[in-house]
Amino acid sequence: MKKLLFVLLLALSPLAALAQANLEINTPAINGLKQAMAGRHAQLAAHYGSGAIGIARDGSVSLRDANAVPLPQRAAVNGLLGAENADRAALYKEIARANGKPEWEAEIRNTFAQRWAEKASPGWYVQNAQGQWVKK
Amino acid sequence: MRATSILSALAAATLAAACVTINIYFPAAAAEKAADRIIEEVYQLRKDAPASAPVPADKK
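Here the structure is a predicted model, which is why all the values come from computation and not from measurement. (Residues numbered from 1 in each chain as written. Chains lettered and ligands numbered in written order. Predicted model: local features only at pLDDT ≥ 70, side-chain atom pairs only at ≥ 80, totals over all residues. Heavy atoms only, no water.)

Colleague: Tell me about helix α3 (residues 74-98) of chain A, residues and numbers included.
Modeller: Here α3(A) is 25 residues long and its end C-alpha atoms lie 36 Å apart, about the 36 Å a rise of 1.5 Å per residue gives. Within α3(A) the residues assigned to the buried category are Val77(A), Leu80(A), Leu81(A), Glu84(A), Asp87(A), Arg88(A), Leu91(A), Tyr92(A), Glu94(A), Ile95(A) and Ala96(A). Of the surrounding secondary structure, the elements contacted by the buried residues of α3(A) are α2 (28-50), β1 (53-55), β2 (61-63) and α4 (105-118) of chain A together with α2 (28-42) of chain B. After α3(A) finishes, the residue Gly100(A) shows a positive phi value of roughly 70°. (Helix = DSSP H or I, 4+ residues; strand = E, 2+ residues; numbered from the N terminus. Expected span 1.5 Å × (residues − 1). Buried < 20%, exposed > 50% of the residue type's maximum accessible area, 1.4 Å probe, protein only. Contact = heavy atoms within 4.5 Å.)

Pasting the structure below:
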């Protein structure tokens, strides 16, 4: 009996190791989203720099100062933000799904929110835990 | 015999606890690493991996 339980415990131990392995992020869906976002980033970068948009604490990008965008460009910036945030939401969901843990979506989003802010260039605005915009 | 059943019960409880731990466990460090790899490509911070090129499988 003891022997059986011991064997069972041994058999289950690799599960713990598996849980600590890298997350799967190399799927066609994730790569597609990543490339769309990288392409869009070139257009968003100038608006990060002007302070028009900032890195929100919920893992999205948000308009923080519409006045920093020339009037004729505002609709285009809103369109970019909408597309970017849709891709980001899809990305968080897809990473959770690709790893067989749809319930991880919120935690993946939180992790990304911190890392987007951490990797932001100097001069960009990031939202702190209290919701205030802080210039990096 | 009694000792054996107590031990078995204990082992079973440990096993159940371990399973629960595995189920709720979120690999924060792995998630951070995965996030960084994606973000560096989106922000184009990686000079060796342009956004237009697919990610090489060996870059883990």
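Colleague: Provide a residue-level description of the sheet that holds strand β3 (residues 125-127) of chain A, including the pertinent values.
Modeller: Strand pairing in a sheet relies on backbone hydrogen bonds. The paired strands run either parallel or antiparallel. Residues and elements named next belong to chain A. Spatially, the four strands line up as an open sheet ordered β2-β1-β3-β4, and their pairing is mixed. The strands lining the two open edges of the sheet, one partner per strand, are β2 and β4 (133-135). In this sheet, adjacent strand axes meet at a mean angle of 40° when their direction is disregarded. By the bridge criterion, three bridges tie β3 to β4 in an arrangement that is antiparallel. Note on β4: the bridge partner recorded for Val126 is Val134. Packed onto the sheet, α3 meets β1 and β2 and runs at close to 155° relative to β2. (Pairing = 2+ DSSP bridges. Axes fitted to C-alpha atoms, helices over the stretch in contact; angles between N-to-C directions.)

Colleague: Which residues make up α2(A), and what values do they have?
Modeller: Over its 23 residues, α2(A) runs 34 Å from end to end, which matches the ideal 33 Å to within 8%, given 1.5 Å per residue. The sharpest bend along α2(A) reaches about 45° and sits at Ala42(A). Among all positions in α2(A), only Ile30(A), Asn31(A), Leu33(A), Lys34(A), Met37(A), Ala38(A), Arg40(A), His41(A), Leu44(A), His47(A) and Tyr48(A) are buried. The secondary structure elements touched by the buried residues of α2(A) are β1, β2, α3 and α4 of chain A together with α2 of chain B. (Bend = angle between axes of the 7 residues up to and from the residue.)

Colleague: Requested: an account of unusual backbone geometry, with residues and values cited.
Modeller: Residues and elements named next belong to chain B. One non-glycine residue, Gln44, lies in positive phi territory at about 55°. Along the chain, Gln44 turns up in the segment after α2. By relative accessible area, which is 42% here, Gln44 ends up partly exposed.

Colleague: Residue-level account of the pattern of salt bridges, with values.
Modeller: Scanning the entire structure with this criterion turns up eight salt bridges over all chains. The salt bridge partner of Glu84(A) is Arg88(A), with a shortest N-O separation of 2.8 Å. Here Glu84(A) and its partner Arg88(A) are both found in helix α3, four residues apart, which amounts to about one turn of the helix. With respect to class, Glu84(A) is no different from Arg88(A); both count as buried. In this structure, Arg115(A) engages Asp36(B) in a salt bridge whose closest nitrogen and oxygen atoms are separated by 2.7 Å. Taken together, the residues span two chains, with Arg115(A) in helix α4 and Asp36(B) in helix α2. On the accessibility criterion, Arg115(A) (15% relative accessible area) is buried. The exposure class assigned to Asp36(B) is buried, which follows from its relative accessible area of 14%. (Salt bridge = Lys/Arg side-chain N within 4 Å of Asp/Glu carboxyl O.)

So, to be careful, I would describe these as geometric facts and stop short of saying anything about function.
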